[in-house]
Amino acid sequence: MQLELVIAIVSGLITLLASSAIAVYQSRTEFRKLTRQLEQTYTTSLFDKRLNVYPILFQALHDLNHKIEYSSPNKQQLIEFRHQYDDWLSTYGILLTPATAQVVWGYHSYLIDLLEQYHDRPLPLDCWIDIRNIQIVIGKCLRAEIGVFDTTAAGIPELEKPYVKALISKLHHSAQTIRSRFGY
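Residues numbered from 1 in each chain as written. Predicted model: local features only at pLDDT ≥ 70, side-chain atom pairs only at ≥ 80, totals over all residues. Heavy atoms only, no water.

(A) Geometry of the overall build of the protein chain. Looking only at helices and strands, the protein chain has five helices and zero strands in total. For the protein chain, the sequential pattern of α-helices and β-strands runs α-α-α-α-α. In terms of C-alpha radius of gyration, the protein chain reaches 29 Å, well past the compact-globule figure of 16 Å for 184 residues. Dimensions of the protein chain along its principal axes, counting C-alpha atoms only, are 105 × 50 × 25 Å. Relative to its 184 residues, the protein chain shows a buried fraction of 25%. Here the protein chain has roughly 13,200 Å² of accessible surface; of this, 62% comes from carbon and sulfur atoms. Taking the average location of the 18 positive side-chain charges in the protein chain and that of its 18 negative ones, the two points are 6 Å from each other. (Helix = DSSP H or I, 4+ residues; strand = E, 2+ residues; numbered from the N terminus. Rg over C-alpha atoms; globule rule 2.2 N^0.38 Å. Buried < 20%, exposed > 50% of the residue type's maximum accessible area, 1.4 Å probe, protein only. Areas by Shrake-Rupley, 256 points an atom, 1.4 Å probe, with all protein chains shown as cover. Lys, Arg positive; Asp, Glu negative; His and termini not counted. Charge placed at Lys NZ, Arg CZ, Asp CG, Glu CD.)

Pasting the structure below:
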């Protein structure tokens, strides 16, 4: 009878250890699954927030660049833009990735420094060109962060038609002319 008791105790212990090991494995697996779900929810939420607020900054950059490209900028417009830029940064700058934040906050400092240097005189053309080119880079950073460059379009336009190729060539020539004015 003692042998049967020992066998029963040993098999009970083995069953207990096996059950414990399985329970620990299952709980770790569930924990990893919950962690991935939480990370995915956070990533989706962050992306949605960026998708809502990045276009605001992109439009402000574009509007000032438009004035520069049409040769009508003035320092007051830059001061107003800087206030708008500062407001955007103070509200949404926390959403930037480290790479884009480096460019965006660097530009913030650049604007402060530039407006201090030229507080009593107009900005020279080369400063306006630098502003435009920096803002083009910031726009590209914003677009990259929300996946505009990497996301496949739902449809692909027919660019191989002869009349479309001719039009694109004409547009490309005009774009090159404008870019060459700004060294970009």
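(B) Inspection of the packing of aromatic side chains at higher detail. Scanning the entire structure with this criterion turns up six aromatic pairs. For the pair phenylalanine 81 and tyrosine 107, a centre-to-centre distance of 6.5 Å together with 50 degrees between the ring planes defines the contact as tilted. Linking phenylalanine 81 in helix H2 (residues 75–92) with tyrosine 107 in helix H3 (residues 98–117), this pair joins segments that are 26 residues apart in sequence. On the basis of relative accessibility, which here comes to 2%, the residue tyrosine 107 falls in the buried class. With a centroid separation of 6.2 Å and 20 degrees between ring planes, the pair formed by tyrosine 107 and tyrosine 110 is classed as stacked. Of the two residues, tyrosine 107 and tyrosine 110 both sit in helix H3, three residues apart, roughly one turn of that helix. Overall, tyrosine 110 belongs to the partly exposed group, its relative accessible area being 24%. (Phe/Tyr/Trp six-rings, centres within 6.5 Å; stacked < 30°, edge-to-face > 60°.)

(C) Layout of the environment of glutamine 102. Inspection of the secondary structure assignment puts glutamine 102 in helix H3. On the accessibility criterion, glutamine 102 (63% relative accessible area) is exposed. Separated by 58 residues in the primary sequence, glutamine 102 and glutamate 160 place their C-alpha atoms 40 Å from one another.

(D) A look at the side chain of lysine 75. The topology assignment puts lysine 75 in helix H2. One buried charged side chain, lysine 75, makes no salt bridge at all; its nearest oppositely charged neighbour is aspartate 120, positioned 6.0 Å away. Among the polar contacts listed, one links the side chain of lysine 75 to the backbone oxygen of tyrosine 118, at a separation of 2.3 Å. Once residues lying within four places of it in the same chain are set aside, the contact partners of lysine 75 are Leu115, Tyr118, His119, Asp120, Arg121, Leu123 and Trp128. (Salt bridge = Lys/Arg side-chain N within 4 Å of Asp/Glu carboxyl O. Polar contact = N/O pair within 3.5 Å; in protein donor to acceptor, adjacent residues only side chain to side chain. Contact = heavy atoms within 4.5 Å.)

(E) Main features of a nonpolar patch on the surface. Taken together, Leu5, Ile9, Leu13 and Leu16 make up a surface patch of nonpolar side chains, about 400 Å² in accessible area. For leucine 5, a relative accessible area of 53% puts it in the exposed group. (Patch = residues over 30% accessible without salt bridge, like charges linked within 9 Å, V, L, I, M, F, W, Y side chains within 5 Å.)

(F) A look at the nonpolar core. Counting residues in hydrophobic clusters, the biggest one holds 31 residues, and the most contacted among them are Leu78, Phe81, Tyr85, Leu96, Leu123 and Ile131. The set of elements that each furnish at least two residues to this core consists of helix H1 (2–69), H2, H3 and helix H4 (125–145). Broken down by element, the residue count for this core peaks at eight residues, all from H1. In this structure, leucine 96 is in contact with Arg50, Tyr54, Trp88, Leu89, Ala101, Val104, Trp105, Leu142 and Glu145, ignoring residues within four places of it in sequence. (Core = buried A, V, L, I, M, F, W, Y, C linked by side-chain atoms within 4.5 Å.)

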